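# Architecture and fold: a report
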Amino acid sequence: MLKKDNTLIFSGASPAKVMKDLQPLVDFQDEGISTEELNQMLEEKLLPHLMKYNHPGFLSMFNDFPEKGAKMGAKLSLEYNQGVTDWYVSPGGAMLEELCIKALCSLFKLDAGSDGTFMYSGTYANQEALYLALHWKAEQEGFDFSQEGFRGFKNPERLVVLTSVDAHFSLKHAVRILGLGDKNLLTLEVDKNRRIDISLMQEAIEKLQENHDIFCVVATTGTTSTGSIDNVQQIFEVCQRIDAWLHVDGAYGLAYSLVPEYRERFSGIEFADSVSWDPHKQFGIPIPNSILFVRRKEDFNRMALRSDYIYREGESVPSPGLKSPPSTRPFSALPLVTSIRHQGITKIHERLRSPLQAIESIYNTLKTDSEIELCNEPETGIICFRIKNEQISENQMNRFLKLVYEDVISEGKHSISFTKLGNKAVLRLVAITPTTAEILMKTISYVKKKASIVANRGVQS
Ligand SMILES: Cc1ncc(COP(=O)(O)O)c(C=O)c1O
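Note that the structure is predicted; figures quoted are calculated from it, not measured.

Working definition: the strands of a sheet are paired by backbone hydrogen bonds and lie parallel or antiparallel to each other. In spatial order, the strands read E1-E7-E6-E5-E4-E2-E3; together these seven strands make up an open sheet with mixed pairing. Because the sheet does not close on itself, it has two edges, and the strands there are strand E1 (115-119) and strand E3 (185-188). Across this sheet, the average inter-strand angle for adjacent strands is 20°, counted without regard to direction. Inspection of the sheet shows E1 paired to strand E7 (residues 290-294) by five bridges, in the antiparallel sense. If you follow Thr117 over to E7, its bridge partner there is Leu292. Against the sheet, helix H5 (residues 122-140) makes contact with E1, strand E2 (159-164), strand E4 (213-220), strand E5 (245-250), strand E6 (274-277) and E7, and its axis sits at roughly 20° relative to E7, the strand it touches most.

Next up on the list: the site of the ligand. Around the ligand there are 14 residues in total, and Ser121, Gly122, Thr123, His168 and Ala251 lie nearest to it. Examining the composition of the shell around the ligand, we find that three residues originate from one element, H5, more than from any other. When the residues that make up the shell around the ligand are grouped by side-chain class, the tally is three nonpolar, nine polar and two charged.

The next thing to look at is the pairing of strand E9 (residues 382-387). The buried fraction of E9 is high, at six of six residues. Neither face of E9 is exposed, since Ile382, Cys384 and Arg386 on one face and Ile383, Phe385 and Ile387 on the opposite face are all buried. Both strand E8 (residues 372-374) and E9 contribute to a ladder of three bridges, which runs antiparallel. Bridge pairing in E9 places Ile372 opposite Ile387. When E9 meets strand E11 (residues 424-430), the two strands line up antiparallel, connected through four bridges. Across the sheet, residue Ile382 finds its bridge partner in E11, namely Val430.

For the pair helix H10 (residues 333-366) and helix H12 (residues 437-457), the least separation of the axes is 8 Å and the interaxial angle reads 55°. With respect to their mutual orientation, H10 and H12 come out oblique. When the axes of H10 and H12 are compared, the crossing they make is right-handed. Between H10, through Ala358, Ser361 and Ile362, and H12, the contact on the second element is made entirely by Ala437, Leu440, Met441 and Ile444.

So, about the domain arrangement of the chain. Structurally, the chain comprises domain 1 (83-330) and domain 2 (340-457). Look at where the C-alpha atoms of domain 1 and domain 2 centre, and you get two points 30 Å apart. In this complex, domain 1 contributes 16 residues to the contact, which on the side of domain 2 involves 17 residues. Looking at the side of domain 1 that touches domain 2 residue by residue, the class counts come to five nonpolar, eight polar and three charged.

For the pair helix H11 (residues 397-410) and H12, the least separation of the axes is 9 Å and the interaxial angle reads 120°. As summarised for this structure, H11 and H12 are arranged oblique, according to the angle between their axes. H12 is crossed by H11, and the crossing has right-handed handedness. Contacts between H11 and H12 involve Phe400, Leu403, Val404, Asp407 and Val408 on the former and, on the latter, Tyr446, Val447, Lys450, Ala451, Ile453 and Val454. For the contact of H11 with H12, the per-class residue count stands at nine nonpolar, no polar and two charged.

A few words now on the nonpolar core. Val217, Leu246 and Val404 are the most contacted members of the largest nonpolar core, which has 108 residues in total. With eleven residues, H10 is the largest single contributor of residues to this core. When we break this core down by domain, the ones giving at least three residues each are domain 1 (83-330) and domain 2 (340-457). Once residues lying within four places of it in the same chain are set aside, the contact partners of Val404 are Ile387, Leu427, Val447, Lys450, Ala451 and Val454.

The subject of this paragraph is H12. With 21 residues, H12 should cover 30 Å at 1.5 Å per step; its first-to-last C-alpha distance of 30 Å lies within 8% of that length. Residues of H12 that are buried include every one of Leu440, Thr443, Ile444, Val447, Lys450, Ala451 and Val454, and no others. Taken down its axis, H12 places every buried residue within 125° of arc, on the same side. Residues Glu438, Ser445, Ile453 and Asn456 are exposed on H12 and point more than 90 degrees away from its buried face. On its buried face, H12 sits against H10, E9, H11 and E11. At the C-terminal side of H12, Gly458 shows a positive phi close to 100°.

Turning to the environment of Ile383, a few remarks are in order. Mapped onto the elements of the fold, Ile383 is located in strand E9. Its 28 C-beta neighbours within 10 Å are what place Ile383 among the buried residues. A C-alpha to C-alpha distance of 36 Å links Ile383 and Arg296, two positions 87 residues apart in sequence.

Rules used throughout
- Residues numbered from 1 in each chain as written.
- Predicted model: local features only at pLDDT ≥ 70, side-chain atom pairs only at ≥ 80, totals over all residues.
- Pairing = 2+ DSSP bridges.
- Helix = DSSP H or I, 4+ residues; strand = E, 2+ residues; numbered from the N terminus.
- Axes fitted to C-alpha atoms, helices over the stretch in contact; angles between N-to-C directions.
- Contact = placed C-beta atoms within 7 Å.
- Near = placed C-beta within 6 Å.
- Nonpolar A, V, L, I, M, F, W, Y, C, P; charged D, E, K, R; others polar.
- Buried ≥ 20, exposed ≤ 12 C-beta atoms within 10 Å, placed from the backbone.
- Parallel < 35°, antiparallel > 145°, perpendicular 65-115°, else oblique.
- Left-handed = near helix turned anticlockwise from the far one by under 90°.
- Domains from an automatic or database assignment.
- Core = buried A, V, L, I, M, F, W, Y, C linked by C-beta atoms within 7 Å.
- Expected span 1.5 Å × (residues − 1).
- Arc of directions from axis to C-beta.

Written out as structure tokens, the structure is:
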């Protein structure tokens, strides 16, 4: 039996051990077992291996424990198992989703004509944004993309999406699933703080336009690796000049635009054609909870598919499923609504501000730390760094950091992440929940200790 240890983020067990523990759960039998037995089995076998996102040492990913108000809405939504396809499937669900979207557009200060749709994840929101951009491009060429598909374009092979080298890989999924290819997703160089470099972007576009049609540019407000915020206002001006759709991937970062003193960093989002956001990240809303906003509500007409049994022609009842697939949709608006109502906007600002301030504070402390090389100047809640060690050469650094990372996470006491900025490996600390600089520094000290153990052990493979 596994020892219950509440000080751990997760058991730290190997995949082989987790597999052995979980196997009895899928030993499907003719006879069922009592809920008490089942509960005991889950507690003993499964719970130790789940990540405790509310643990102060969990500093690796964008996941969060459900906020109290959100939990209340999620419970109700589960109890009634509401699908919010349309009015006839759930009148209250469909209407609440519509009202929630309207209120969010105003909270984020989006254009008065904006609209939005709940989606399963940021990945799908990005995909739908690119699909809408293709429609828009097709309309410029005088045909309906939903009817003609790519064969309607004069030169489909010239179509490209431009984004940052640090953009999320979901954009690669998007181009592939849309029937484009990786070759149709071109990346732009970043400046020293890993935002799209606007002057290099202008030069790149001039060259690209000889052989490509740039139909969409994706800016990221809060990149996955460093939390950097692309300059949306300037990118919007470029998009206007080259007549391209502007999508803003705010899956991680958009929430921070609500904090008054951070809003300016996001200026220009109100001009974007589409914006994605994941309330299932730092907002603490249970998964799935993502949203795609569009600046002109009519753009969603391109998604609408009518049928004889739902979404009937000529009916004008609230139908969330006309704006994005699938037809059976979770009642995602409810936990978001109950969370915002329970906390109030002031508390939400405090909740979002706390990790941003803690990260900024440790950045200032670590600037003078001779054992640390800082790799980004935090614009949101992420700091990337390397551990300096005189026993480790630059050539060995990537391997060294990977070993440090593996040592740190294998104990289940602290959780950081490992990634690469270009070819350079870095350790990454993500603050999502309310925290303090002191708590973050405890993890940094732990990582340093592990680093000296790894350096003394040696990094030869
Ligand atoms: C910037 C960014 N975009 C998109 C995504 C994908 O979102 P999801 O995990 O909800 O599919 C992520 C995920 O972390 C992200 O950081």
